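Okay, here's what each chain looks like letter by letter:
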Amino acid sequence: METTPRSKPFTARYPGRCHADCGDSIEPGDDVVYVGDQLVHDGCTPAAEVERAPRPVCPDCFTEIAPNGACSCQ
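Summary of the structure given here. (Residues numbered from 1 in each chain as written. Predicted model: local features only at pLDDT ≥ 70, side-chain atom pairs only at ≥ 80, totals over all residues. Heavy atoms only, no water.)

### As for the sheet that holds strand β1 (residues 10-11)
Across a sheet, paired strands are connected by hydrogen bonds in the backbone, their directions being either parallel or antiparallel.
Here comes step 1: The strand order β1-β4-β5 describes an open sheet built from 3 strands, whose pairing is antiparallel. The strands lining the two open edges of the sheet, one partner per strand, are β1 and β5 (38-41).
Here comes step 2: As judged from the 4 bridges shared by strand β4 (residues 31-35) and β5, these two strands associate in the antiparallel manner. In the sheet register, Val33 faces β5, and the bridge partner there is Val40. (Pairing = 2+ DSSP bridges. Helix = DSSP H or I, 4+ residues; strand = E, 2+ residues; numbered from the N terminus.)

Structure (structure tokens):
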């Protein structure tokens, strides 16, 4: 199983949002890390990415049909 790269902990210099389920904001002075491209508090685990269900495929142009019903044919 592949693991997401994790940076070394560092001190936040700017306010932001923790991309974990802790619900707290990141304040300057907090210890933070990057997990992949998501900034989280040191000790938090980022929320798992939700996989989207596959969309139906157009039988004529073989592209995924957009939520508005459009495809490459239109």
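### A look at the nonpolar core
Here comes step 1: Ala12, Cys18, Ala20, Ile26, Val32, Val33, Val35, Leu39, Val40 and Cys44 form the largest nonpolar core, which has 10 residues in total.
Here comes step 2: Those elements giving two or more residues to this core turn out to be β4 and β5.
Here comes step 3: In terms of residue count, β4 provides more of this core than any other element does, 3 residues in total.
Here comes step 4: Setting aside chain neighbours within four positions, we find Val32 in contact with Lys8, Pro9, Phe10, Ala12, Ile26, Leu39, Val40, His41 and Asp42. (Core = buried A, V, L, I, M, F, W, Y, C linked by side-chain atoms within 4.5 Å. Buried < 20%, exposed > 50% of the residue type's maximum accessible area, 1.4 Å probe, protein only. Contact = heavy atoms within 4.5 Å.)

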